[in-house]
Every structure is written in C-alpha cells, then in structure tokens.
Amino acid sequence: MLPLYITWNPSEYLFNFGGFGIRWYGMCWLIGLALGYFMMKWLYKQHKYSQEKFEPLFLYVFISILLGARLGHCLFYEPEYFLTSAKNIVEMIVPIRFLEHGGWKFVGYQGLASHGGVVGLLLGLYLYIKRYKMKPWVVLDFFGICSGITACFIRIGNLMNSEIIGKITDVPWAFIFYKVDSSPRHPGQLYEALAYLLLFGLIFFIYKRNPKKVGTGLFFGLCIFLIFVFRFAIEYTKEIQVAFESGLPIDMGQILSIPLIILGAWAIWRSKGKEVEIGA
C-alpha cells in the first residue's frame, strides 16, 4: 500500500484582484505581529507600565526585525550576489529587482533570515529602552513570553510559500511541494510552527505561575534557548538553502543558532534565585 502523502500546492495569494493581491505570507506575518502586539500590550498593563511607553514600541520592533531579517538573509546566505554591485546593494534594502534590460519591478522581500531578525530586534530594543528609560530585562522578558506565537505564524507563511523545504523522506506525513518537485519531503516549516506554538504555551504557563520572574531574564532566556535548540535540531531535516552550505559540517542556520543558544542559557542561569516585584 502506497503512503498517502500530502500534496501541497496552495496559491501564494489569499486573494488577488487584477494586478493587486494579498499574499498568505504577508498575512501570516501580519497575524503573528498583531497577536504579539496585543499580548505585549496586555503584559505592559499587567506589570503597571504606561501605554505612553508601550505605544512607540511596535514601530521600533517592526522596522528592526524587518531590516535585521532582510540584511541577515542577504549577508549570511547570498553575499556573493548582494555585495557585488551598487544595484544589488540597493536591492538589499528596497524590495525591488532591477531588470536585465533596464527598469525594475516590485518583488517584495524575497528572503528573510530569522537569526538576522533576532539581532535586528535586539538592536531596536536597545534604542527603544535607551529612549524611553525602560528596564532592559523587563522588556526582553516580555518578548520572551510573546515571541513564540509570532514565530509560529511566520513559519506558517513559509509553508504557504512552499519555501525552506525539508529533505526527501518516506514518512507518511510527508508533503509533496509541487512548486518545488514531485518528491515527498519533510514539512520542516510545519514542524517549526507547531514547536513554536508549544513553546509559547509552555513559556506562558511558566509565566502565569511565576509573574515575579519578569525582569530576571528567565523568559527571554527560555525563549531564545528553546527556539534555537529546536532550530538547530530541525535543520537536519531541511535541504540546504544555498550551495556553499554543502561544504560545511553544519549548515548556516545551525552555525547562527549556536551563539543564541549560549545567550539563552546564560540568561536562564543569571535569573536563578531572582524575583522582581510587579510595577517595581
């Protein structure tokens, strides 16, 4: 009996009117950011921080994650393309592609790296914390509580785009990504989406039992450590994203995960035995 693989060939668009449409990928990003936004707003209220301090946060986060994720992809995965001409450098920042015979077209940001997004986020938060005199570990812990749900929806967006595909496999839940080929493959995006949803639930459960640990670094550490330990492991089920990775003992995603795993472990360790009064 042949395995019943899942055939996967969805439209990239949630809806499309003429030359204009809304892509599933963009919608998943929007949903993930919106859920993170409302949860962050709730956390600020629970811990008695004013809405005046909360309101500027989204702009810092959105811009820093987008720029970090974009630059991370270009510099870590395709430097041989993006750093070879002035036009290609422009394409790193502006979501266009210059055409061979002149002119350009809007293509969106085709390539975002989660590791770069984390680095961009940390830099954006540094600027926000400095400007609005927030306590660094409080803000980082808030993000540790919220980030899993946003990461989940981003990976669902990757699944809808049939990108970041897994290796060929014969497991019965394999997906056949028709936009790629006719081979059954690990749905690595789905593995990550489900894992990040579970990690979000776990961290939120720990938070509800220990709200005074906000400000110690525990939740930031748990988030970074667990997400990137899983990311390191799940890379073994994925195809390499760029050719140069085939010559490496571990792929670029795993290499970039190691310092974030160490950072998360250190944040968990430093939180040991600490508590912070709500509103303090």
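Because the structure is predicted, anything quoted here is derived from the model rather than measured.

Cut-offs applied
Residues numbered from 1 in each chain as written. Predicted model: local features only at pLDDT ≥ 70, side-chain atom pairs only at ≥ 80, totals over all residues. Heavy atoms only, no water. Helix = DSSP H or I, 4+ residues; strand = E, 2+ residues; numbered from the N terminus. Buried < 20%, exposed > 50% of the residue type's maximum accessible area, 1.4 Å probe, protein only. Contact = heavy atoms within 4.5 Å. Phe/Tyr/Trp six-rings, centres within 6.5 Å; stacked < 30°, edge-to-face > 60°. Lys NZ or Arg CZ within 6 Å of the ring centre and 35° of its normal. UniProt positions renumbered as here; feature names shortened; annotations may be inferred. Axes fitted to C-alpha atoms, helices over the stretch in contact; angles between N-to-C directions. Nonpolar A, V, L, I, M, F, W, Y, C, P; charged D, E, K, R; others polar. Patch = residues over 30% accessible without salt bridge, like charges linked within 9 Å, V, L, I, M, F, W, Y side chains within 5 Å. Areas by Shrake-Rupley, 256 points an atom, 1.4 Å probe, with all protein chains shown as cover. Salt bridge = Lys/Arg side-chain N within 4 Å of Asp/Glu carboxyl O.

## Here's the deal with the side chain of Arg 155
Here is step 1: Among the structural elements, Arg 155 can be located in helix 7 (residues 136-160).
Here is step 2: Given a relative accessible area of 8%, Arg 155 falls into the buried group.
Here is step 3: Among residues more than four places away in sequence, those in contact with Arg 155 are Ser 114, Ile 164, Gln 189, Glu 192, Ala 193, Tyr 196, Arg 231 and Lys 238.

## Things to note about the packing of aromatic side chains
Here is step 1: Summed over all chains, the structure comprises 23 aromatic pairs.
Here is step 2: Aromatic pair Trp 8 and Phe 175: ring centres 5.4 Å apart, planes at 50°, arrangement tilted. Placement of Trp 8 in strand 1 (residues 6-8) and of Phe 175 in strand 6 (residues 175-177) is noted, with a sequence separation of 167 residues between them. Comparing Trp 8 with Phe 175, the two get one shared label, buried.
Here is step 3: Aromatic ring contacts, followed pair by pair, group Tyr 37, Phe 38, Tyr 44, Tyr 49, Phe 54, Phe 58, Phe 62 and Phe 142 into a single cluster.
Here is step 4: Its guanidinium or amino end placed over the ring of Tyr 132, Arg 131 lies 4.9 Å from that ring's centre, counting from NZ or CZ.

## Remarks on the UniProt feature "transmembrane region" (unreviewed entry) in the chain
Here is step 1: Under the UniProt annotation, the feature "transmembrane region" (unreviewed entry) is placed at residues 24-44, 56-73, 107-129, 136-156, 190-207, 214-234 and 246-269.
Here is step 2: As annotated, residues 24-44 has a helix share of 100% and a strand share of 0%, and its two end C-alpha atoms lie 30 Å apart.
Here is step 3: The distance separating the terminal C-alpha atoms of residues 214-234 is 29 Å; by composition the span is 81% helix and 0% strand.

## Digging into the packing of helix 6 (residues 114-132) against helix 10 (residues 252-270)
Here is step 1: One can describe the packing of helix 6 onto helix 10 by two numbers: an axis separation of 10 Å at closest approach and a directional angle of 35°. Residue-level inspection shows His 115, Val 118 and Leu 122 of helix 6 in contact with helix 10, the latter providing Gly 253, Leu 256, Ser 257, Leu 260 and Leu 263.
Here is step 2: Of the residues contributing to the contact of helix 6 with helix 10, the split by class is 5 nonpolar, 3 polar and no charged.

## Structural notes on a nonpolar patch on the surface
Here is step 1: A cluster of nonpolar side chains, contributed by Phe 58, Leu 59, Phe 62, Ile 63, Leu 67, Val 90, Ile 93 and Val 94, occupies part of the molecular surface with about 640 Å² of accessible area.
Here is step 2: Elements with a contribution of two residues or more to the nonpolar patch: helix 3 (57-77) and helix 5 (86-93).
Here is step 3: Broken down by element, the residue count for the nonpolar patch peaks at 5 residues, all from helix 3.
Here is step 4: Here Phe 62 is to be found in helix 3.
Here is step 5: Classification of Phe 62 by relative accessible area gives partly exposed; the value is 37%.

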